[in-house]
Amino acid sequence: MAAGTRDVPKVSVWNDPKVRAVFFQAALLAVLLFLLYEIVHNTIANLHRLGKGFGYGFLSQTAGFDIIQRLIDYSSSSTYGRALEVGLLNTILIAVVSIATATIIGFTVGIMRLSSNWIVSRVATVYIEFFRNIPLLLQIFFWYNFVVIQSLPELKQAVSVGGLFFLSKKGFMFPAPVFGEGGWMGLVGLALAIVAIIIMVPWAKARLVSTGKPFPVFWASIGLLILLPLLGLALAGFPVTWDVPQKTAFNFRGGAAMIPEMMALYLALSIYHATYIAEAVRAGVQSVNKGQTEAANALGLRSGPTLRHVVIPQAMRVVIPPLASTYMNLTKNSSLAVGIGYPDLVAVGGTVLNQTGKAIEIVSIWMLVYGSLSLLTSLLMNWFNSRMKLVER
């Protein structure tokens, strides 16, 4: 060894954190792949032992059963695949209307709980604590058995409004629009209205910033959503007729119906999940510094405009993340509809499973659909969150 030199200790590759990270990730991936292989191998072996095969060819077979609520054409001679489509649309329908109603109730109750009025605040608190702490399935049974079934009148004593709307144990019956040739013009008008609203919202914000003059975005949007589709239908000669429900000796004929099962499920999902939205709104409002409200009051803004234009826009950055989780939970909890016979995807899929024995295929369809709906909801809410977040100058 030359004078004045020292031995340099060798550094082990294992001491490199990047190498260790790659090794452990590769090992974990190998274990997961092995477990997946074992699951698939054992499943195939068990199916072969039971004399069953795997595949989705059964979807083209005749279903042989009817569905009490359907948004598309369906009969007992339709296929299993068509039946699952009906169930999927029923799931989306109940999820969308329940989300809309729960959001309205939740925001209202959340603001009520922060009210300086003692009675209003306590009413909101009791509502939240009562409905949030009762299991959802129990609430579904309550609304179905004690409110819808027991409270509504029989068919002969059905409540009628102008001979157009009927409410009874058969459900809520109302006229259904029937579009003829040229009805697509109404859809074109609706699409143009949505595009106009998307353009109008940022323009209204820019106008408010530059001139200080607010623009009635809400009422303008309502006007566009009504007038443009009507204009499209007018250009086509109003090719719309109404199928009015008619009461017969044993049931209703014609029109559209909101069946009792949907009424109970709609009430339970909306009222239950509105409690979580209300708490998210309360937390969001309380996260806004009180100085913001005081500054708005100093500028002469009343409590209503202050809440809409100052507090709520800042509170939304706190409200949106739990709001997204609530929306996803509501969609998944709609599968509890099987408890009262509402024909959603799970109920229809269960009937298909009982007739075909294709348990793995049906469960995989359930997982794929609910997973996709949750991911879609998450993507939309993340996009909305990115639009609402505060941008530092």
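Bear in mind that the values here come from a model prediction, so they are computed numbers and not experimental data.

Asks: Explain the environment of Glu-181 to me, please; I cannot follow it from the model alone.
Replies: Considering the arrangement of structural elements, one finds Glu-181 in the loop between strand E4 (176–179) and helix H5 (184–211). The class of Glu-181 is exposed, set by a relative accessible area of 80%. Spatially, the C-alpha atoms of Glu-181 and Leu-137 are 44 Å apart, while their sequence positions differ by 44 residues.

Asks: In this structure, what is going on with the nonpolar core? I would like to understand it.
Replies: Buried together is how nonpolar side chains tend to be arranged in soluble globular proteins. One finds Tyr-127, Leu-265 and Tyr-342 to be the most contacted residues of the largest nonpolar core, which totals 43 residues. If you list the elements that add at least two residues to this core, you get helix H2 (80–113), helix H3 (118–132), helix H4 (136–151), helix H7 (260–287) and helix H9 (303–333). In terms of residue count, the dominant contributor to this core is H7 (14 residues). Excluding residues that lie within four positions of it along the chain, Tyr-127 makes contacts with Ile-105, Val-109, Ile-271, Ala-274 and Thr-275.

Asks: Mind showing me how you'd approach the packing of aromatic side chains here?
Replies: What characterises a pair of aromatic rings is the spacing of the ring centres plus the angle enclosed by the ring planes. Scanning the model with the defined rule gives 13 aromatic pairs in all. When the centroid spacing of 5.2 Å and the interplanar angle of 55 degrees are considered together, the rings of Tyr-127 and Phe-131 count as tilted. Of this pair, Tyr-127 and Phe-131 both sit in helix H3, 4 residues apart, roughly one helical turn. Using a relative accessible area of 15% as the deciding quantity, one classes Tyr-127 as buried. Ring geometry for Phe-142 against Trp-143: centres 5.6 Å apart, planes inclined by 70 degrees, an arrangement best described as edge-to-face. We classify Trp-143 as buried; its relative accessible area is 14%.

Asks: Hey, could you run me through the confidence of the model for the protein in this one?
Replies: Close inspection of predicted coordinates is inappropriate in any region flagged by low pLDDT. Residue-level pLDDT values for the protein average 86, and 95% of them are 70 or greater. Element-level mean pLDDT values for the protein span from 79 in helix H8 (residues 290–298) up to 94 in H2.

Asks: I tried to follow the environment of Val-288 on my own but got confused; where do I start?
Replies: Within the secondary structure, Val-288 sits in the loop between H7 and H8. Val-288 has contacts with Val-311, Gln-314 and Ala-315, leaving out every residue within four places of it along the chain.

Asks: Any chance you could explain the sheet that holds strand E2 (residues 165–168) here in plain terms?
Replies: Backbone hydrogen bonds hold the strands of a sheet together, and the pairing may be parallel or antiparallel. Pairing is antiparallel across the open sheet formed by 4 strands, whose spatial order is E1-E2-E3-E8. Both outer strands of the open sheet, strand E1 (159–161) and strand E8 (256–258), are each paired with one neighbouring strand and no more. Going from strand to strand, the sheet's axes swing by 15 degrees on average, the running direction of each strand aside. Against the sheet, H7 engages E2, strand E3 (171–174) and E8, with an angle of about 50 degrees to E8.

Asks: How do you make sense of the packing of H8 against H9 when you look at a structure like this?
Replies: What describes two packed helices is the angle between their axes and the distance between those same axes. At a closest axis distance of 10 Å, the pairing of H8 and H9 adopts a crossing angle of 155 degrees. Considering their axes alone, H8 and H9 lie roughly antiparallel with respect to each other. Relative to H9, the crossing made by H8 is right-handed. On the side of H8, the interface is formed by Gln-292, Thr-293, Ala-296 and Asn-297, while H9 contributes Thr-306, Val-310, Val-311 and Gln-314. Class assignment for the residues of the contact of H8 with H9 results in 3 nonpolar, 5 polar and no charged.

Asks: Looking at this structure, I do not really get the pattern of salt bridges. What am I missing?
Replies: A side chain of one charge can pair with a side chain of the opposite charge if their charged atoms are brought near each other. Applying the stated criterion across every chain, the model contains 8 salt bridges. The network of salt bridges with common partners includes Arg-113, Glu-129, Arg-132, Glu-279 and Arg-282.

Asks: Would you take a moment to explain H5 for this structure?
Replies: Every α-helix carries 3.6 residues per turn, so stepping three or four residues along brings you back to the same face. Helix length check: H5 (28 residues) gives 40 Å between terminal C-alpha atoms against 40 Å at 1.5 Å per residue, within 8%. Buried residues of H5: Gly-186, Gly-189, Ala-193, Ile-197, Met-200 and Ala-204, and no others. The elements touched by buried residues of H5 are helix H6 (217–235). In the segment just after H5, Gly-212 is the residue with positive phi, at about 80 degrees.

Asks: Would you mind going over the packing of H7 against H9 with me for this structure?
Replies: Taken N-terminus to C-terminus, the directions of H7 and H9 make an angle of 155 degrees; their axes are 8 Å apart at the nearest point. Taken together, the axes of H7 and H9 are roughly antiparallel relative to one another. In terms of crossing hand, the pair formed by H7 and H9 is right-handed. Two secondary-structure elements touch here, H7 through Leu-269, His-273, Tyr-276, Ile-277, Ala-280, Val-281, Ala-283, Gly-284, Val-285 and Ser-287 and H9 through Val-311, Ile-312, Ala-315, Val-318, Val-319, Pro-322, Leu-323, Thr-326, Tyr-327, Asn-329, Leu-330 and Asn-333. Here the residues of the contact of H7 with H9 sort into 16 nonpolar, 6 polar and no charged.

Asks: Could you clarify how one ought to interpret the side chain of Thr-101 in this entry?
Replies: Counting through the fold element by element, Thr-101 comes out in helix H2. A polar atom in the side chain of Thr-101 sits 2.7 Å from the side chain of Tyr-266. The residues contacting Thr-101, other than those within four sequence positions of it, are Tyr-266 and Ser-270.

What counts and how
Residues numbered from 1 in each chain as written. Predicted model: local features only at pLDDT ≥ 70, side-chain atom pairs only at ≥ 80, totals over all residues. Heavy atoms only, no water. Helix = DSSP H or I, 4+ residues; strand = E, 2+ residues; numbered from the N terminus. Buried < 20%, exposed > 50% of the residue type's maximum accessible area, 1.4 Å probe, protein only. Core = buried A, V, L, I, M, F, W, Y, C linked by side-chain atoms within 4.5 Å. Contact = heavy atoms within 4.5 Å. Phe/Tyr/Trp six-rings, centres within 6.5 Å; stacked < 30°, edge-to-face > 60°. pLDDT = per-residue confidence, 0-100. Pairing = 2+ DSSP bridges. Axes fitted to C-alpha atoms, helices over the stretch in contact; angles between N-to-C directions. Parallel < 35°, antiparallel > 145°, perpendicular 65-115°, else oblique. Left-handed = near helix turned anticlockwise from the far one by under 90°. Nonpolar A, V, L, I, M, F, W, Y, C, P; charged D, E, K, R; others polar. Salt bridge = Lys/Arg side-chain N within 4 Å of Asp/Glu carboxyl O. Expected span 1.5 Å × (residues − 1). Polar contact = N/O pair within 3.5 Å; in protein donor to acceptor, adjacent residues only side chain to side chain.

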